[in-house]
Amino acid sequence: MSGGGHEAMTLLAAFIPLLIVVAVIALILFVTGARAARQQRLLQRLLENSERQTALLKRLEERLSDTRND
């Protein structure tokens, strides 16, 4: 190899650890994002269930109130 080719290989070898670090960071961000998305879906389901239960409790309360008034 000529001197220029050796310098290019040295430069490329210097970037490999940087690429590995960037790949690890990207993987961590991807996994964290996927986990956050799962948690958001779970929280959304819990909120919907809570709203449904609240609506049912209100209807039950109204019915009980109506039967007491009768």
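For the structure, check the block above.
Quick notes on the rules
- Residues numbered from 1 in each chain as written.
- Predicted model: local features only at pLDDT ≥ 70, side-chain atom pairs only at ≥ 80, totals over all residues.
- Heavy atoms only, no water.
- Helix = DSSP H or I, 4+ residues; strand = E, 2+ residues; numbered from the N terminus.
- Rg over C-alpha atoms; globule rule 2.2 N^0.38 Å.
- Buried < 20%, exposed > 50% of the residue type's maximum accessible area, 1.4 Å probe, protein only.
- Areas by Shrake-Rupley, 256 points an atom, 1.4 Å probe, with all protein chains shown as cover.
- Lys, Arg positive; Asp, Glu negative; His and termini not counted.
- Charge placed at Lys NZ, Arg CZ, Asp CG, Glu CD.
- Patch = residues over 30% accessible without salt bridge, like charges linked within 9 Å, V, L, I, M, F, W, Y side chains within 5 Å.
- Salt bridge = Lys/Arg side-chain N within 4 Å of Asp/Glu carboxyl O.

A.B. asks: What's the story with the overall build of the chain in this structure? I'm lost.
C.D. replies: The secondary structure content of the chain amounts to one helix and zero strands. Taking 2.2 N^0.38 as the reference for a compact globule, 70 residues should give roughly 11 Å; the C-alpha atoms of the chain span a radius of gyration of 30 Å, well beyond that estimate. Summarising its shape, the C-alpha atoms of the chain cover approximately 100 × 10 × 10 Å along the three principal directions. Split into buried and exposed, the 70 residues of the chain put 0% on the buried side. Carbon and sulfur atoms form 66% of the exposed surface of the chain, whose accessible area is close to 6,600 Å². Here the chain contributes 9 positive and 7 negative side-chain charges, whose respective centroids are spaced 7 Å apart.

A.B. asks: Is there a simple way to think about a positive patch on the surface in this case?
C.D. replies: Taken together, the side chains of Arg-35, Arg-38, Arg-41 and Arg-45 make up a positively charged region of the molecular surface. Topologically, Arg-41 is positioned in helix α1 (residues 3-69).

A.B. asks: What is the right way to read a nonpolar patch on the surface from this model?
C.D. replies: Residues Met-9, Leu-12, Ile-16, Ile-20, Val-24 and Ile-28 make up a contiguous nonpolar surface patch of roughly 560 Å² in combined accessible area. Relative to the helices and strands, Met-9 is located in helix α1.

A.B. asks: Which parts of the structure should I look at to understand a negative patch on the surface?
C.D. replies: Together, Glu-61, Glu-62, Asp-66 and Asp-70 make up a region of like negative charge exposed at the surface. Position of Glu-61 among the secondary structure elements: in helix α1.

A.B. asks: Honestly, the environment of Leu-46 in this entry has me stumped. Any pointers?
C.D. replies: Tracing the backbone through its elements, the reader meets Leu-46 in helix α1. With 10 residues separating them along the chain, Leu-46 and Ala-36 place their C-alpha atoms 15 Å apart.

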